[in-house]
Amino acid sequence: MGKTPGKIQWRISVPIYKNTAIWRQLGLAVGIPFGLVTLVIALSSGKSAYALYGLGLIAALLFFTWLFIMAVYRGKYEAEFVLDDKGVLCRTQAKQAKKNRITNALTIVLGLLSGKPAVAGAGMLAQSRQETLLKWKCVTKVNYKPKSHTILLRGGWTEQVALFCTEDNYAPVECE
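Residues numbered from 1 in each chain as written. Predicted model: local features only at pLDDT ≥ 70, side-chain atom pairs only at ≥ 80, totals over all residues. Heavy atoms only, no water.

1. Things to note about the sheet that holds strand β6 (residues 141-145)
Read across the open sheet, the three strands follow the order β6-β7-β8; overall the sheet is antiparallel. Here the strands that pair on one side only, and so sit at the sheet edges, are β6 and β8 (160-164). Each neighbouring strand pair of the sheet contributes to a mean axis angle of 15 degrees, computed without reference to strand direction. Across the sheet, helix α1 (residues 20-44) is in contact with β6, β7 (150-154) and β8; its angle to β8 comes to roughly 150 degrees. (Pairing = 2+ DSSP bridges. Helix = DSSP H or I, 4+ residues; strand = E, 2+ residues; numbered from the N terminus. Axes fitted to C-alpha atoms, helices over the stretch in contact; angles between N-to-C directions. Contact = heavy atoms within 4.5 Å.)

2. Points about the environment of F34
Considering the arrangement of structural elements, one finds F34 in helix α1. For F34, a relative accessible area of 27% corresponds to the partly exposed category. As a C-alpha pair, F34 and Y53 span 19 residues in sequence and 15 Å in three-dimensional space. Leave out the neighbours within four places in its chain, and F34 touches I58, L61 and L62. (Buried < 20%, exposed > 50% of the residue type's maximum accessible area, 1.4 Å probe, protein only.)

3. Here's the deal with the pattern of salt bridges
Across all of its chains, the model carries three salt bridges by this definition. Notably, a salt bridge pairs R74 with E78, separated by 3.6 Å at the nearest N-O pair. Under the relative-accessibility criterion, E78 is labelled buried at 15%. We note a salt bridge from R91 to E80, for which the minimum N-O separation is 2.9 Å. Taken together, the residues span a long stretch of sequence, with R91 in strand β4 (residues 87-92) and E80 in strand β3 (residues 76-83) at a distance of 11 residues. For E80, a relative accessible area of 8% corresponds to the buried category. Among the charged side chains, a network of salt bridges with common partners joins R11, E80 and R91. (Salt bridge = Lys/Arg side-chain N within 4 Å of Asp/Glu carboxyl O.)

It is worth stressing that arrangement in space is one thing and function is another; only the former is reported here.
What follows is the structure in structure tokens.
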């Protein structure tokens, strides 16, 4: 996109399964909970066939999630960033945002129809994070990852933005 006085904007397509920052977040959000459930099932069930069935279901869920991400999103996170005097705006690019709206709406509706409010809530939470603004005055920690051209910004307890930069714009963004 380019730089204008006091403002830097760009779009980027980040491979989900090749970026270490995304892997770390997936590990926290998916790996730890499913790993703990798997560990509890494996340790507490002995050699029960039902335990193997449960572990198989977990493996199938993870596989079909991977397949869904590869089929619908081509394994990429399409993001755009705007840095200006207010802060950092991170949002999903329009084409992917449309796919996200459909997926999140289906999650909400199916969660409500199945009587599972936690599933519906997950869909609502996912939809609410399509655009995030982190104001400069709220940034408490900055972590630079020059090898992956990523800058991690942390604000409050739940405020975190990963700036996925291109090779060309990493240095100007780092200086900003």
